Amino acid sequence: MPFSLLALAAFQATSIPTTPASHAAFGTSPAALRNSAVRPRNSPLVAVAEAPTYGADVPYAEASYDPAAAATFFRARPLATIGRLAQIALLSGGFVASLVVDKALKREEEPALVELRSQQLLELVTKLGPTFIKIGQALSIRSDLVPAAYVAGLAQLQDAVPPFDGAQGRAIIEAELGLRRIEDAFSSLSLDPVASASIGQVYRGTLRDGGGDVAVKVQRPNVLYSVALDLFVLREVLVPLYLRLNPESNTDATRLVDAYADGFVNELDYRREAAATTEFAAAMALRGLGSVTAPEVVDRLSSTHVLTTKWVEGERLAASGADDVPRLCGVALNAYLTMLLDTGTLHCDPHPGNLLRTTDGKLCILDWGMTLAVPPDLQYALLEFIAHLNV
């Protein structure tokens, strides 16, 4: 999507893994883990909260993006759209005005001011919520589209998204997994999340049956409604506004939004993510690619809104100083080519927070919520293209 449209959406709309440095599907620094108490739920320090009702009063279900249904749903609720647009204006107005003034005074390239605007953009996108945090994460690795200083600011979205209430997250785990108490499945579970992402946050726990340490990812409450409303505003309000301001544009912006939205809404069904995670690990093992893997899913403790995986110790590949990092970069390239040209299921969220170097020197690819099916005819076309390059 052209940066001007994405920027317009990010600056004017409000509603993405992040995925921290260490862990399966998320992780955190050792210091953060030391500061995260792990106690059973009957501890007097644990607050009891009610789990939200997912899927209530929404235009479509997880993994079922339907722009027509959303249009019908939100046009019948004009106050929701008007309220959202008012919130958008309130949040983004000052930042957009600052950019206009900077340009008018020809100071938009002053280093100190660029750094300030970068941090302001980070704060703005964080306030905008899941939909545009996800857009910000995508832009954070596109220095060809976004000025380098803005990329540096947005890169913090890969690990620094504010969490929701920890007690509510624990209540969601109990409700989603049909547990009377947390202790029915976990001998311990962190009181607060050890990591927080655009659509969920992660707790570290230990399985009661001796299965070891796990990461429990919990979806943010009411995120589907928030995402659906933002996608409606983006598609039905901001895209027409962009096209009116840029009549020479030859981009089908509506279809681009729909393509992005379809993948994002699919990501809200953790059952799909669990299946994709397991399938990738099996496919790499079958092909003898033992240097790359994905977190092991604990199926019995996973649902649409909760995903439990075995904990993986490691560090970001991009931040690692290990001698084998160049080799693992080659492993990553080989793995993505294998997905593209062989398995046909492509991991579509390869920002630095999702590529982990494990303590035993393997590459672990995290966050399989957003994937793309590559049809065989496209695979054959790509293979033919590569073959012709070698002629």
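These remarks concern the structure in this document. Since this is a predicted model, take the numbers as computed values, not measurements. (Residues numbered from 1 in each chain as written. Predicted model: local features only at pLDDT ≥ 70, side-chain atom pairs only at ≥ 80, totals over all residues. Heavy atoms only, no water.)

Our focus in this paragraph is the nonpolar core. Within soluble globular proteins, side chains that are nonpolar generally end up buried alongside one another. Core analysis: the biggest nonpolar cluster contains 49 residues, and Y60, F74, V125, V227 and L231 have the highest contact counts within it. Secondary-structure elements contributing two or more residues to this core are α3 (67–75), α4 (78–104), α5 (111–128), α6 (130–139), α7 (148–154), α9 (223–245), α10 (253–266) and α11 (270–286). Top element by residues in this core is α9. It accounts for 11 residues. Aside from chain neighbours lying at most four places away, what touches F74 is P59, T81, Y225, A228, L229 and F232. (Core = buried A, V, L, I, M, F, W, Y, C linked by side-chain atoms within 4.5 Å. Buried < 20%, exposed > 50% of the residue type's maximum accessible area, 1.4 Å probe, protein only. Helix = DSSP H or I, 4+ residues; strand = E, 2+ residues; numbered from the N terminus. Contact = heavy atoms within 4.5 Å.)

Turning our attention to the pattern of salt bridges. Tallied over the full model, the rule gives 20 salt bridges. With its nearest N and O atoms 2.8 Å apart, the salt bridge here joins D102 to R107. R107 sits in the partly exposed class, given a relative accessible area of 26%. Among the charged side chains, a network of salt bridges with common partners joins R75, R235, E236 and D258. (Salt bridge = Lys/Arg side-chain N within 4 Å of Asp/Glu carboxyl O.)

Below, the discussion takes up unusual backbone geometry. Residue N222 is not a glycine yet carries a positive backbone phi of 60 degrees. Relative to the helices and strands, N222 resides in the loop between β4 (213–219) and α9. With a phi close to 60 degrees, D367 is a non-glycine residue in the positive phi region. Here D367 is to be found in the loop between β10 (363–365) and β11 (371–373).

Another point: α11. Between the first and last C-alpha of α11 there are 24 Å, a value that for 17 residues agrees with the 24 Å anticipated at 1.5 Å per step. Turning to α11, its buried residues are Y270, E273, A274, A276, T277, F280, A283 and M284. N-cap assignment for α11: the residue whose side-chain oxygen lies 3.0 Å from the backbone N of R271 is D269. (Expected span 1.5 Å × (residues − 1). Polar contact = N/O pair within 3.5 Å; in protein donor to acceptor, adjacent residues only side chain to side chain.)

Applying the stated criterion across every chain yields a total of 6 aromatic pairs. Consider the rings of Y60 and Y65, whose centres lie 5.7 Å apart with planes at 80 degrees: the pair is edge-to-face. The ring centre of F73 lies 3.6 Å from the NZ or CZ of R77, which sits over that ring. The ring of Y270 has K217 lying over it, and the distance from NZ or CZ to the ring centre is 4.9 Å. (Phe/Tyr/Trp six-rings, centres within 6.5 Å; stacked < 30°, edge-to-face > 60°. Lys NZ or Arg CZ within 6 Å of the ring centre and 35° of its normal.)

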